[in-house]
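For reference, the chains in residue letters:
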Amino acid sequence: CGGSGSTGSSPPVEATRTWSLGFSTLPPRLTVQAVLDGIDLWSVRAEFAAIHEELPWTDLVNGQSPDAILDRDKVQLVNYLRSKGLKLYFMADLTDGLSRAEEAPQLRALGRSISDPAIRQLYRDYVLAVNRKLRPEIIGLVAETNLIRAAAPALYSSVVTAANAAAADLAAANSTATFIFSVQVETAWGRLGGNGNYVGVAQDFADFPFGQQLGLSSYPYFGFAQPEDMPDDYFSRLLNGRTMPAMVVEGGWASASVGTIQSSPALQARYVRRQAQLLDSIGARGWFHLMFADLDLASLPPPLPTNLPLFASIGYTDSDFNAKPALATWDAFHARR
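All figures in this text were calculated on a predicted structure; none of them were measured in a lab.

Criteria and thresholds
- Residues numbered from 1 in each chain as written.
- Predicted model: local features only at pLDDT ≥ 70, side-chain atom pairs only at ≥ 80, totals over all residues.
- Heavy atoms only, no water.
- Buried < 20%, exposed > 50% of the residue type's maximum accessible area, 1.4 Å probe, protein only.
- Helix = DSSP H or I, 4+ residues; strand = E, 2+ residues; numbered from the N terminus.
- Arc of directions from axis to C-beta.
- pLDDT = per-residue confidence, 0-100.
- Contact = heavy atoms within 4.5 Å.
- Pairing = 2+ DSSP bridges.
- Right-handed = clockwise from strand over helix to strand, strands pointing away.
- Phe/Tyr/Trp six-rings, centres within 6.5 Å; stacked < 30°, edge-to-face > 60°.
- Lys NZ or Arg CZ within 6 Å of the ring centre and 35° of its normal.

Draft legend 1. Quick look at helix H3 (residues 66-73). Turning to H3, its buried residues number three or more, namely Pro 66, Ile 69 and Leu 70. Angular distribution of buried residues about the axis of H3 spans 95°; they occupy a single face of the element.

Draft legend 2. How the structure looks around the confidence of the model for the chain. Overall, the prediction assigns the chain a mean pLDDT of 95, with 96% of residues at 70 or greater. Predicted confidence is poor over residues 1-13, with pLDDT under 50, and the contacts of this stretch with residues over four places away or in other chains come to zero contacts.

Draft legend 3. How the structure looks around the pairing of strand S1 (residues 20-24). Taken across its five residues, S1 has four buried, putting it largely inside the fold. Across four bridges, the pairing between S1 and strand S8 (residues 286-289) is parallel. Residue pairing across strands places Ser 20 opposite Gly 286, the latter belonging to S8. Strand direction decides the pairing type here: S1 and strand S2 (residues 48-54), joined by three bridges, are parallel. When the bridges of S2 are listed, Phe 23 appears paired with Ala 49. Considered for its hand, the β-α-β crossover made up of S1, helix H1 (residues 32-42) and S2 is right-handed.

Draft legend 4. Highlighting the packing of aromatic side chains. In this structure the tally under the stated criterion is 25 aromatic pairs. Their ring planes at 65° and their centres at 5.7 Å tell us that Trp 19 and Trp 287 sit as a pair that is edge-to-face. Highlighted residues: Trp 19 in the segment before S1 and Trp 287 in strand S8, separated in sequence by 268 residues. Every member of this aromatic cluster is reached through a ring pair, and the members are Trp 19, Phe 23, Trp 42, Trp 287, Phe 292, Tyr 316, Phe 321, Trp 330 and Phe 333. The side chain of Arg 237 reaches across the aromatic face of Trp 189, ending 5.2 Å from its centre. When the ring centre of Tyr 198 is taken as reference, the NZ or CZ atom of Arg 237 above it lies at 3.7 Å.

Draft legend 5. Focus on the pairing of strand S7 (residues 246-251). Buried residues dominate S7, accounting for six of its six residues. Looking at chain direction, strand S6 (residues 213-218) and S7 are connected through five bridges and run parallel. Paired with Ser 217 across the two strands is Glu 250, which belongs to S7. Two strands pair when backbone bridges link them, and S7 and S8 are joined in this way by two bridges, in the parallel orientation. Looking at S8, one finds that Met 247 is bridged to Gly 286. Taking the sense of rotation as the criterion, the β-α-β connection linking S7, helix H12 (residues 265-281) and S8 turns out right-handed.

What follows is the structure, encoded as structure tokens:
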């Protein structure tokens, strides 16, 4: 401190981040070993585990209790994730995650609908059981609300009713979790299901007042040719001056060209860098990337959703867990304090 030989220069500033990092348990192939191999690889480069999935509607409608379903399917998994030192984010998705214009696939197969109060009650009971048995630090009650409103207006009011009722149930149960809903960023900017004009998410803030943080779903390769084309206010404009914290809860950038999408592993790595800049710009709380590894489409049982190949290459490794350039970029951000 000013001693002999001092140059008077300031010490380097240590890189930090406000955002926790997380991956989901989604495996490249539908085997227990693939799930475990993935967790072992990504748990050392994350603070959160994410479970984002539609409800087990068939079992619920057939009378199985939420507790029994979770004991069978989730408790051991979550205990394993906790043993890795990970916190838990759980999103109970209310509609079809790959086709927001439709009910969840199992409900369609059953001929049932979220518009039925009895079905909404099953959802509420399941969310309460998730809170009770899994104790997630963050609970998502509905995903991509603005895209549901645009694609399925007939379902939207039932989604609003269900999510708000579940939030009230959780509050009455003294849940300590943070409640979120998520919006689709490209839809808010008019680049997915719109005319290219910015529309924002003010209606979503009004319809889901329980939100304590805003979840952001962002797949910008559907709206931009290059990651650097995303404007500097890509996330902050959605908040529109609100002080509510936000986090990216799903998204990514394809590393392969498919259909009209043109991409590469190098372009995906540039997306990771650009995403970090946008997260820093809002002091984000989290960045959850659901797919650690690419999907092995050939191993999945048919029929596959027709748009699934558009998402199959957003992992940071290939389906055999060989790293892509984006993983080194992610690891550099993970190394921040």
